[in-house]
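# Chain and residue survey
Take a look at the letters that make up each chain.
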Amino acid sequence: MTLSDRTLTLIAMIAIGLSLLAIVFVILGGARGGGSAEALAGDEAVGALLGKIDRLEQAVRALHATDNRQQVMIEGSVRRVGVLRYDAFEDVGGRLSFSCALLDDHGTGVVLTSINGRQETRVYAKPVTAGHSTYNLSREEEEAIRQALHTEEQAATR
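It should be emphasised that the depicted structure is a prediction, and the values quoted were computed from it without experimental measurement.

### Notes on the overall build of the chain
- Tallying secondary structure elements over the chain gives four helices and four strands in all.
- Going residue by residue from the N terminus, the α and β elements of the chain occur as α-α-β-β-β-β-α-α.
- By sequence separation, contacts in the chain at least 24 residues apart represent 45% of the contacts at least 6 residues apart.
- Counting every atom, the chain has about 11200 Å² of accessible surface; 59% of that belongs to carbon and sulfur.

Written out as structure tokens, the structure is:
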């Protein structure tokens, strides 16, 4: 089982807080001088601490479950984008045509292509699964997918 950095930080902070609370109880119990009534209060204090520890463990488990659910949602969202602008025809300039790949972490999503001509513009959408499509892809669409798949690597080197 792997825990996120936030979850590990939370567990460490809880452990530090419980340690400080235990030290305070020891100091206060020692200042009163030990007797049978204080021993009972100490037992009650230990019981209360154990109850709090149980509640904290439940909270950590709930946070871990939430973290796992959010991680699945993040992996399925569009996180990799690649855009390539180009001139589709020699007589039309300005690089107004484009191919745009919108992919999740698994390379699944869609590639959108807009071909801009003098008289009309055509838009195509092709599904992409694991970086490949069942439809024939143009060089520009393949390049947009390649760019999208490598966006995380490029961000890491910056």
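### Considering unusual backbone geometry
- Despite not being glycine, Arg 95 shows a phi value in the positive range, around 45°.
- Locating Arg 95 in the fold gives a position in the loop between β1 (80-86) and β2 (97-103).
- Of note, the phi angle at Ala 130 is positive, near 55°, even though the residue is not glycine.

### A short note on the nonpolar core
- Ala 101, Leu 103, Val 111, Val 128, Ala 144, Ile 145 and Ala 148 together form the largest nonpolar core, which totals seven residues.
- Those elements giving two or more residues to this core turn out to be β2 and α3 (139-149).
- Per-element tally for this core: the top contributor is α3, with three residues.
- Apart from the residues within four sequence positions on either side, Val 128 is in contact with Leu 103, Gly 107, Thr 108, Gly 109, Val 110, Val 111 and Ile 145.

### Overview of the environment of Thr 2
- Counting through the fold element by element, Thr 2 comes out in the segment before α1 (5-31).
- Exposure remark for Thr 2: the relative accessible area of 69% places this residue in the exposed category.

### With respect to the environment of Arg 80
- Counting through the fold element by element, Arg 80 comes out in strand β1.
- Spatially, the C-alpha atoms of Arg 80 and Asp 104 are 5.9 Å apart, while their sequence positions differ by 24 residues.
- A distance of 2.6 Å separates a polar atom in the side chain of Arg 80 from the backbone oxygen of Leu 149.

### Observations regarding the pattern of salt bridges
- Scanning all chains against the criterion turns up six salt bridges.
- For Asp 105, the salt bridge goes to Arg 80, with nearest N and O atoms at 3.8 Å. Of this pair, Asp 105 sits in the loop between β2 and β3 (109-116) while Arg 80 sits in strand β1, and the two are 25 residues apart along the sequence.
- Note that Glu 141 is salt-bridged to Lys 126, the shortest N-O span being 3.0 Å. One end of the pair, Glu 141, is in helix α3; the other, Lys 126, is in strand β4 (residues 121-128), with 15 residues separating them in the sequence.
- According to the relative accessible area criterion, Glu 141 is buried, its value standing at 2%.
- Overlapping salt bridges, with partners in common, bring together Arg 79, Arg 80 and Asp 105 in one network.

Cut-offs applied
Residues numbered from 1 in each chain as written. Predicted model: local features only at pLDDT ≥ 70, side-chain atom pairs only at ≥ 80, totals over all residues. Heavy atoms only, no water. Helix = DSSP H or I, 4+ residues; strand = E, 2+ residues; numbered from the N terminus. Contact = heavy atoms within 4.5 Å. Areas by Shrake-Rupley, 256 points an atom, 1.4 Å probe, with all protein chains shown as cover. Core = buried A, V, L, I, M, F, W, Y, C linked by side-chain atoms within 4.5 Å. Buried < 20%, exposed > 50% of the residue type's maximum accessible area, 1.4 Å probe, protein only. Polar contact = N/O pair within 3.5 Å; in protein donor to acceptor, adjacent residues only side chain to side chain. Salt bridge = Lys/Arg side-chain N within 4 Å of Asp/Glu carboxyl O.

These results come straight from atomic positions and should not be treated as a statement about function.
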